[in-house]
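Here is how the chains run, residue by residue.
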Amino acid sequence: MQQLYDTQAPNPPSRAILVGVTLRDSMLHETEESLQELRQLTETAGIEVVCETIQARKVPNPTYFIGEGKVEELKAIVEELEADVIVFDEELSPAQTRNIENTLDTATVDRTGLILQVFAQRALTSEARLQVTLAQLEYALPRLTRMWTHLSRMATGAGSGSGALRGPGETQLEMDRRWIRKHISHVKKELLKVEKRRKVQRQNRSEKIKVSLVGYTNAGKSTLFNTVTGENVLAEDKLFATLDSTTRRVSLPQNQTILLSDTVGFIKKLPHQLVAAFKATLEEVTEADLLLHVVDISHSEAEAQINAVDKVLTELEADEMPTLMVFNKIDQLESEDQMLLLQSRYPEAMPISAQRGDGISELMEILAERFASYGAMINLHIPYKDGKILDLLYKHGTVLDTKYADEAVHVKARIPSRHLKSVSKFAVTDLNPTL
Ligand SMILES: Nc1nc2c(ncn2[C@@H]2O[C@H](COP(=O)(O)OP(=O)(O)OP(=O)(O)O)[C@@H](O)[C@H]2O)c(=O)[nH]1
Ligand SMILES: [Mg+2]
């Protein structure tokens, strides 16, 4: 049980009509851009887009969000184009979703539901799957709409566990809700275990310099990660290619070692259920020493994407964290105008091409400068019998060089100031904590 529109479900939708709404305070071109992104999301979910339509309204209609006339129009289009799902770019209330489904006799999903669906399809690890399931269940609880039917069938089907037994006087709906709540608490327990495991991992890394890649989905975070680390994590022209975090060591020009993490990308109107459910994964972000904010500067919506990322960072209480911006994909700029404009707004931003490697060595130099003051550089002479000091250096610091002599090992290392005392008696040069 992972997906609301399970690809194994009897009739997953295949032909979608997209509906965008321009409300009083928004502009038509914003709705169009947003609909374009919704199309990408729909296609990423494996659903063909057969029609797109936009309605301008002063305020949402409480029953359908769109107007009644538009609903009639949709009814005709559904029949003509044999569409089997309506995808709304706005968040619908559970009642609005139900009303549209009943009137059109067609499954209806909003942007949040669709993003959840894409996440569900792309979640590969058990952690990501647990997190998506939690977000989906939280989303489904107040809805229990058509999307829910195959899940409720599972819940009520024979042999599906104790949660499936209907209590005295309990309606089907109440029973379904009870089943979801039970499932939510089970998933939360599982996630607590994951969080504990991550905490241990993080403690092991607590003395290291940590840099996290953040940015809009498809900005090129994984590509940059691969270029810098020599790794081969999945990077592709699809939304939400990455849903997990991967961390690798990277050596900087001044001999420091940092830990670089690649993680899930953000999007406009990222469902809050997902932000909450991905808390464990996103702790890579909130625990970092520096965020590298990757921007696709060749995208016409680059500035709106920067703002969307900032909004999610605020939701994560990470908006005050030290951040370095990089303008990626400079190799595919059609004009310099947008970059010049955004450079005037973000003068520190580094232009790079993660794919071609342009600007990467400059970026590494800047990082080295930034972290030059982290910890002290020391030379030590450690007798073999004091091997545990070497362990301490490996665990908490960065060992830059070792030479094995007859009675002792000579080590050059960088170590956080608070461990200096434990190693000072082995120092062969003056300790200089500012190096
Ligand atoms: N032309 C060009 N394309 C790039 C560059 N960097 C990344 N791309 C392409 O952009 C697409 C998305 O790259 P990813 O690295 O997967 O992006 P991401 O930010 O990790 O995306 P998510 O994991 O989905 O959030 C891929 O098709 C990359 O090949 C670049 O510098 N230039
Ligand atoms: Mg990625």
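The model shown is predicted, which means the values in this text are computed figures rather than measured ones. (Residues numbered from 1 in each chain as written. Chains lettered and ligands numbered in written order. Predicted model: local features only at pLDDT ≥ 70, side-chain atom pairs only at ≥ 80, totals over all residues. Heavy atoms only, no water.)

## Some remarks on the sheet that holds strand S4 (residues 107–110)
Ordered in space as S2-S1-S3-S4, the four strands form an open sheet in which the pairing is parallel. Every other strand in the sheet has two partners, leaving strand S2 (48–56) and S4 as the edge strands with one partner each. Recorded for the sheet is a direction-independent mean angle of 20° between the axes of neighbouring strands. Relative to S4, strand S3 (residues 85–88) runs parallel, the two sharing four bridges. Bridge pairing in S4 links Phe88 to Asp110. (Pairing = 2+ DSSP bridges. Helix = DSSP H or I, 4+ residues; strand = E, 2+ residues; numbered from the N terminus. Axes fitted to C-alpha atoms, helices over the stretch in contact; angles between N-to-C directions.)

## A word on the sheet that holds strand S5 (residues 209–215)
What the six strands build is an open sheet, ordered S6-S7-S5-S8-S9-S10; its pairing is mixed. Of all the strands in the sheet, the pair left with one neighbour each is strand S6 (246–251) and strand S10 (350–351). Here four bridges tie S5 to strand S7 (residues 257–262), and the two strands are oriented parallel to one another. Bridging from a neighbouring strand, Ile209 pairs with Ile258 of S7. Along the sheet, helix H8 (residues 221–229) makes contact with S5, S6, S7, strand S8 (290–296) and strand S9 (323–328), crossing S7 at roughly 150°. Each of S5, S6, S7 and S8 touches helix H10 (residues 279–286); the most contacted strand, S5, lies at about 115° to it. (Contact = heavy atoms within 4.5 Å.)

## Description of the packing of aromatic side chains
Enumeration according to the criterion identifies three aromatic pairs in this entry. An angle of 55° between the planes, with centres 4.5 Å apart, marks the rings of Phe119 and Phe240 as tilted. In this pair, Phe119 is assigned in helix H4 (residues 111–122) and Phe240 in the loop between H8 and S6, connecting sequence segments 121 residues apart. Pair check on accessibility: Phe119 and Phe240 agree, each one buried. When the centroid spacing of 5.4 Å and the interplanar angle of 85° are considered together, the rings of Phe119 and Phe278 count as edge-to-face. Residue Phe119 is found in helix H4, and its partner Phe278 is found in the loop between helix H9 (272–277) and H10; the two are separated by 159 residues along the sequence. Each member of the pair, Phe119 as well as Phe278, is classed as buried. (Phe/Tyr/Trp six-rings, centres within 6.5 Å; stacked < 30°, edge-to-face > 60°. Buried < 20%, exposed > 50% of the residue type's maximum accessible area, 1.4 Å probe, protein only.)

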